[in-house]
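Survey of secondary and tertiary structure
In case you want the letters, here they are:
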Amino acid sequence: MSDPIFVYALSTCPWCHKAKKYFEDKGVVFEAVDVDLLADDESDRLAAEAFELSGSRAYPVVRIGGEVIVGFLPERFDQLLEAEA
């Protein structure tokens, strides 16, 4: 896989927990950050980055390769993981 999978999440978001668990259960290597648990400057920077990628304030924002998915969409995750394999 070329680019790492990255999950922008909120610690209180059940869909964010599901997205992270999905990748863990599949044994897929990914990076994740709970934006709301970071220091103010870093939190603001990553929230702005997630918004710029997604055009939305919704979470999770998942980046797989060059694709950005907003929300917990396991079928889409599967499609992109297969394409990256």
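Higher on the page you've got the structure.
Treat the numbers as computed from the prediction; the structure is a model and nothing was measured.

On to the pairing of strand β2 (residues 30-34), then. Both strand β1 (residues 5-9) and β2 contribute to a ladder of 5 bridges, which runs parallel. By the bridge assignment, Val-7 is partnered in β2 with Ala-32. Once the chain exits β1 it traverses helix α1 (residues 14-26) before rejoining the sheet at β2, and the crossover so formed is right-handed.

Within the structure shown, the criterion is met by 7 aromatic pairs. Note on Phe-72 and Phe-77: the rings are 6.1 Å apart at their centroids and 65° apart in plane angle, and the pair reads as edge-to-face. Over the ring of Phe-51 we find Arg-57; its NZ or CZ atom is 4.0 Å from the centre of that ring.

Each value, and the rule that gives it
- Residues numbered from 1 in each chain as written.
- Predicted model: local features only at pLDDT ≥ 70, side-chain atom pairs only at ≥ 80, totals over all residues.
- Heavy atoms only, no water.
- Pairing = 2+ DSSP bridges.
- Helix = DSSP H or I, 4+ residues; strand = E, 2+ residues; numbered from the N terminus.
- Right-handed = clockwise from strand over helix to strand, strands pointing away.
- Phe/Tyr/Trp six-rings, centres within 6.5 Å; stacked < 30°, edge-to-face > 60°.
- Lys NZ or Arg CZ within 6 Å of the ring centre and 35° of its normal.

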